[in-house]
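Working through the structure, step by step
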Amino acid sequence: MLGMTMKKKFSLMVLMVTVILVPAQVLFAAVGCDLNDPDRDVARLFPGSTGYKTNYVSVDQRGGPALLAQVEDRLGDKFQGLFETIDVPYTLYEIFKGKEKIGYIHGVNEKGQYGGIQVFLVLDLDGVIKNFYFQKLTSRYGKELRDPKFGEQFVGLTLKDFYNYDILTGKAIGPSGVERIKNPVPEAEPDFKAALRGTKKNLILVDEFILGNKYLQYHKAVGEQKK
Amino acid sequence: MIKIFNVAYKNLLRKKARSGLTIIGIALAAWVLVSLLGFNKGYESSLSRDIDNLGFQMIVTAKGCPYEAATLMLKGGTGLRYMPENITEQISKEPEVEEVTAMLMQAVFDPNKGESGGYSAYLGVDPATFPKMKSFLEFKQGNWFTNPDAMEAVLGYEAAELEQREVGDKLLIVEKNVEVKVVGILKRTGTQDDGTIFLPLKTVQKIFGIKDELTGIGIKVKKDANMAQFEEKMYKLPDVQVVSLAQVKQTIMTLVSTAKVMVFSIALIAILISVVGVINTILMSVMERLQEIGILKSMGATAWDIFKLIWLETLILCISGGIIGAALAMATAKLTEVLIRQLLPYAPSGGLVQITLPLVILTFGVVILIGLLSGVYPSWKAGRVRPLEAIRSQVE
């Protein structure tokens, strides 16, 4: 009897050491996209919220190369460069009102024309965009792109709308709510496209990580249409 | 001896829970001790490495505010003070100096950084001297600037990650509306260089309209030079402030030593508690076995035989605890490091906890010494047991 208890204790100790040591080893991995001041930013971006829970998740951790291939397929583009890698830890904020979960906030890094762009989306429980926020944007046209009017164009859209948007060409390939998003400055086209790519990637990751691939059916439907 | 060992070992197994808990107590004390000694060694060597990795042992800045980073955080580019560029020549003539490198830091306000804007800093460095001084820097992509006044930038790894830049990309200096081309991305170093955007000194002077002025000079001193004497010389230069990195290291070590004294006191308490725990366990075991010891003595066992037996039990407990504690310290070194990093106001890069073989052997020696000392009294008491009294007392 005592032997059994000791075995259980030993197993528990091994589990604890593993759980504790693994995150310590990934400290120097790729860097994700966090809110600068979560306490302040969550309250501002999600009015009515009373609290939040922070979760870290990566494509590598959730499904490895197979998941990466699926995300890239849904995105219609490959992950590129030194920093858009499989091990980027994404920070998902679950938003609460009291004990009730009311939505999510999630950000991604995107490569802009002159610097990094951080695209944050505020989503309800169904993955509908409630708010759009550039936390960081290095651009000659930062003022116009960060204008609340630009962000308002994203409100109400879901991942379904973005499936008919080809991020490589920057054009709609079917009826899509994305068509209504207008670039405020024609010269800012590269950053505008980067913002749309970041938004689509953001929505796909939330669908994969949290919504249980609720919107995957629409991606398949678009694929069928193409055939 | 093997027979005594077997008897001692079996005696401990008779009360598994009690022996186990005592071993855990010793293991925890050994864990704390190994981790602390490892921290003591690791912190100092990491700090020295960080300071060596700066490439220079002394920084000369304009008088007023020697801490450029702090100034930038508080005031942005406006708070920076400058000194004339020709001081570089003056300093390089000193016999103690091996090399000097001129630096000019500038910052611009970027309204599109965060909710209410933020500063982006650029460090202008001399392409002829800076890379030589920082010869340990390695490139992930590209290389240093192609010429001394090129509109080019080299980014530390974290700066490149934040800006999502790679070699060939453009980088915008927002307030000045100037584009520079990224020609190099450095590998991660774990130092402040990771977050720095380097530009050629002349380029920074041109972009920001600052002619023949600097914010800092890095000085590499010859190995045989008298640092104190050299520092005195530098203090005599007009309108400059001297920051010796040896002083910085000394100040940090003094600050950390205060914390170390506190933590070592806690370790000492943990060791004392484990000593008391061992004495208690063995003494209880002796008291419970008085009759048994009496019988052993009546059968011819000497006081020294009983003493050895009990002492061996103590040693087995301590050695087992020591092995587990040392293993635990090695296995959780990374975790300890993470915790220490969160607690300390400043922690250098690299391994903060360095557990080496000599350190483990030292701890092991301490644990065995604890075992030998804490086993003396119970063993002596057991050895003094009078056989007939012991047998009779328990029968009654």
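So, a few notes on the structure that sits alongside this text. (Residues numbered from 1 in each chain as written. Chains lettered and ligands numbered in written order. Predicted model: local features only at pLDDT ≥ 70, side-chain atom pairs only at ≥ 80, totals over all residues.)

1. Observations regarding the overall build of chain A
Of the regular secondary structure elements, chain A holds 9 helices and 7 strands. When burial is assessed residue by residue, chain A has 36% of its 227 residues classed as buried. Of the contacts made within chain A by residues no fewer than 6 positions apart, 65% connect residues no fewer than 24 positions apart. (Helix = DSSP H or I, 4+ residues; strand = E, 2+ residues; numbered from the N terminus. Buried ≥ 20, exposed ≤ 12 C-beta atoms within 10 Å, placed from the backbone. Contact = placed C-beta atoms within 7 Å.)

2. Considerations on the overall build of chain B
Helix and strand counts for chain B stand at 14 helices and 12 strands. In chain B, buried positions account for 39% of the 396 residues. Within chain B, counting contacts between residues at least 6 apart in sequence, those at least 24 apart form 82% of the total.

3. Here we look at the pairing of strand S7 (residues 170–173) of chain B
All names here are of chain B. Sheet topology note: the S7/strand S8 (residues 178–186) ladder contains 4 bridges and is antiparallel. Across the sheet, the residue bridging to Leu 172 is Glu 179, located in S8. The hairpin formed by S7 and S8 contains 4 residues between the paired strands, and Asn 177 there has a positive phi angle of roughly 55°. (Pairing = 2+ DSSP bridges.)

4. Comments concerning the interface of chain B and chain A
With 25 residues of chain B at the contact, the number on the chain A side is 28 residues. For the side of chain B that touches chain A, the secondary-structure elements that each account for two or more residues are helix H6 (157–163), S7 and helix H12 (333–343) of chain B. Classifying every residue of the side of chain B that touches chain A by side-chain character gives 9 nonpolar, 5 polar and 11 charged. (Nonpolar A, V, L, I, M, F, W, Y, C, P; charged D, E, K, R; others polar.)

5. Details of the pairing of strand S4 (residues 116–123) of chain A
Within a regular strand, side chains alternate between the sheet's two faces. All names here are of chain A. The buried fraction of S4 amounts to 8 of the 8 residues, a majority that puts the element mostly inside the structure. Burial of the side chains of S4 extends over both faces: Gly 116, Gln 118, Phe 120 and Val 122 are buried on one face and Ile 117, Val 119, Leu 121 and Leu 123 on the other. Pairing geometry for strand S3 (residues 100–111) and S4, over 8 bridges, is antiparallel. The residue bridging Gly 107 from the neighbouring strand is Phe 120, located in S4. The hairpin formed by S3 and S4 contains 4 residues between the paired strands. Inspection of the sheet shows S4 paired to strand S5 (residues 129–137) by 7 bridges, in the antiparallel sense. Each residue of the ladder has a partner; that of Leu 123, found in S5, is Ile 129. Between S4 and S5, which pair antiparallel and follow one another directly, the connecting turn spans 5 residues, one of which, Gly 127, has a positive phi of 85°.

6. Description of the environment of B:Leu214
Residue and element names in this part refer to chain B. Looking at the secondary structure, you find Leu 214 in strand S10 (residues 213–214). Look at Leu 214 and you get buried, because 25 C-beta atoms sit within 10 Å. C-alpha separation for the pair Leu 214 and Gly 124, spaced 90 residues apart in sequence, amounts to 9.0 Å. Excluding anything up to four places from it in sequence, Leu 214 contacts Tyr 82, Met 83, Glu 85, Ala 102, Met 103 and Leu 104.

7. Re the environment of B:Ile323
All names here are of chain B. By the element assignment, Ile 323 lies in helix H11 (residues 303–331). Note on Ile 323: 17 C-beta atoms within 10 Å, which makes it partly exposed. Along the backbone, Ile 323 and Ile 26 are 297 residues apart, and their C-alpha atoms lie at a distance of 9.7 Å.

8. Quick word on the sheet that holds S3(A)
Residue and element names in this part refer to chain A. Judged by pairing direction, the sheet is antiparallel, and its 5 strands sit side by side in the order S1-S2-S3-S4-S5 without closing on themselves. Each edge of the open sheet is held by one strand with a lone partner, namely strand S1 (51–57) and S5. Each neighbouring strand pair of the sheet contributes to a mean axis angle of 20°, computed without reference to strand direction. In this sheet, strand S2 (residues 90–97) lies alongside S1 in antiparallel orientation, the contact comprising 7 bridges. Bridging across to S2, Tyr 52 finds its partner in Ile 95. (Axes fitted to C-alpha atoms, helices over the stretch in contact; angles between N-to-C directions.)

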